[in-house]
Amino acid sequence: MNRTETAVHDPASARAQRKREARRENELTLSLAMGAQVFAYGALYVLPAASTAAWAAVLLLLIPLALMRLLAAWVGRAALPGAENTLPFRLAAGGMAALFLTNMAVCLLTLTELAQAFFFPGGSRLWLALAAALALGLGMPASFSAAPNLSRFLTGFLVLALGFCALTVLPEGESGYLYPLAGYGAEHTLLVALRASGSVWMAGALAVLSPGDSAKGGLRAALPGARAVALVALLLLCCAYVLPGTQLSFRRGYALRLQLLMEMSPNTLSWSLALMAEMLMFLAGFALCSDLMRKCLKSALHIKRLPLLPFSLACMPLAVQGMGVWEQRLIRLLPWRYPLAAALLLMCLLSSHAAKKKGKSP
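Here the structure is a predicted model, which means the values were calculated and not measured.

Calculation rules
Residues numbered from 1 in each chain as written. Predicted model: local features only at pLDDT ≥ 70, side-chain atom pairs only at ≥ 80, totals over all residues. Heavy atoms only, no water. Helix = DSSP H or I, 4+ residues; strand = E, 2+ residues; numbered from the N terminus. Buried < 20%, exposed > 50% of the residue type's maximum accessible area, 1.4 Å probe, protein only. Contact = heavy atoms within 4.5 Å. Areas by Shrake-Rupley, 256 points an atom, 1.4 Å probe, with all protein chains shown as cover. Phe/Tyr/Trp six-rings, centres within 6.5 Å; stacked < 30°, edge-to-face > 60°. Lys NZ or Arg CZ within 6 Å of the ring centre and 35° of its normal. Axes fitted to C-alpha atoms, helices over the stretch in contact; angles between N-to-C directions. Parallel < 35°, antiparallel > 145°, perpendicular 65-115°, else oblique. Left-handed = near helix turned anticlockwise from the far one by under 90°. Nonpolar A, V, L, I, M, F, W, Y, C, P; charged D, E, K, R; others polar. Arc of directions from axis to C-beta. Patch = residues over 30% accessible without salt bridge, like charges linked within 9 Å, V, L, I, M, F, W, Y side chains within 5 Å. Salt bridge = Lys/Arg side-chain N within 4 Å of Asp/Glu carboxyl O.

### Points about the overall build of the protein
In step 1: In terms of helices and strands, the protein carries 18 helices and 0 strands.
In step 2: Counting only residues that meet the buried cut, the protein has 51% of its 362 residues in that class.
In step 3: Here the contacts in the protein between residues at least 6 apart in sequence split such that 87% fall between residues at least 24 apart.
In step 4: When the accessible area of the protein is evaluated, it comes to approximately 16,800 Å², of which 68% is carbon and sulfur surface.

Laid out in structure tokens, this is it:
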């Protein structure tokens, strides 16, 4: 009796379906981690530097985000089968792992700042950072689905919580607070956005891990990351609507700048939800960036198992010393993540073109 296989039962189709689902899950994970980085740098530098135009500076990040995605697509189209196993791609994966480690350090630092300022004012930064590092290093499962499941769970809650906070705060606002729309000037706002582009460097990271998939999906694949950036821009727009520019640009401390929007709300539930949402965002960012760092490092070293504890503990010195010590250095150093990530992708692109020319030579 003859047996026929339909596309539903075709192993190749099943593998392609699993790869599409994995790509969507990776994009969701990446978008939440990127949103945490944009939010952190927004409070660190963009808000006080751009004042009433902070939301526009963050919205302008869609341009470097699109450019990085375009570069990643070129890498994917130029890559030969199995390119992720070649030396240039493995070196790039190692470089991406180091960049993801910086993301982890920023998230742990921000999480420690919030915990100490609002939950444990007299608490030791060492113990707060150690608790978070140990929880991640010992509790983050190695399962492929762990990070995407966490992303799906948190995304809806974050949007609803921050949306509720914005609705309770907006009646206290004044449209006159939005002016001047260009903040300290259009040129200054563009320079602020240029510095903030270091927060969206990871838009091209998946091209190193799975080059063939990075050329697929088109604009639809970039939507989760674009939505994350747009959400942060919307929050800063609400912040400008509620507070005058003199308060937006006043440096009262990093943790308080994270809470500017909620400070003006008389609603205790709104303030509590916003604080919980921010804590969860940075805790999730810490976990998701660690998962992406592990994937990059495993690809670079060709190993199957990699403990997270040493890397989570390596992020502690920054969190223990605090933003007061590191603020100016982070403002100068974090923007360099974007050109470094672009250089790693260009190395992969050039190596793929060189491999193709070598294969065509007689």
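Having put the structure on the table, let's press on.
### Observations concerning the packing of aromatic side chains
In step 1: One pass over the structure, following the stated rule, counts 3 aromatic pairs.
In step 2: Note on tyrosine 41 and tyrosine 45: the rings are 5.7 Å apart at their centroids and 45° apart in plane angle, and the pair reads as tilted. In this pair, tyrosine 41 and tyrosine 45 are both assigned in helix H1 (residues 11-50), 4 residues apart and thus about one turn of the helix distant.
In step 3: Exposure remark for tyrosine 41: the relative accessible area of 2% places this residue in the buried category.
In step 4: A cation over a ring is seen here: arginine 329 above tryptophan 326, with NZ or CZ 4.3 Å from the ring centre.

### A look at the packing of helix H5 (residues 125-139) against helix H14 (residues 268-301)
In step 1: Contact geometry for H5 and H14: axes closest at 11 Å, N-to-C directions at 45°. By the criterion of interaxial angle, the relationship of H5 to H14 is oblique. Classified by chirality, the crossing of H14 by H5 is right-handed. Between H5 and H14, the residues in contact are Ala132, Ala133 and Leu136 and Phe286, Ala287 and Ser290, respectively.
In step 2: Looking at the contact of H5 with H14 residue by residue, the classes come out as 5 nonpolar, 1 polar and no charged.

### Section: helix H7 (residues 186-196)
In step 1: Where H7 is concerned, the buried positions are Thr189, Val192, Ala193 and Ala196. Relative to the axis of H7, the buried residues are bounded by an arc of 100° and lie together on one face. Among the exposed residues of H7, those pointing more than 90 degrees away from its buried face are Glu187, Leu190 and Leu194.

### A short note on a nonpolar patch on the surface
In step 1: Residues Ile63, Leu67, Leu70 and Trp74 make up a contiguous nonpolar surface patch of about 400 Å² in total accessible area.
In step 2: In this fold, leucine 67 is placed in helix H3 (residues 62-78).

### Description of the packing of helix H4 (residues 87-118) against H14
In step 1: Closest axis-to-axis distance for the H4/H14 pair is 8 Å, and the angle between their directions is 160°. Put simply, H4 runs roughly antiparallel to H14. As for how H4 packs across H14, the hand of that crossing is left-handed.
In step 2: The residue makeup of the contact of H4 with H14, split by class, is 25 nonpolar, 6 polar and 2 charged.

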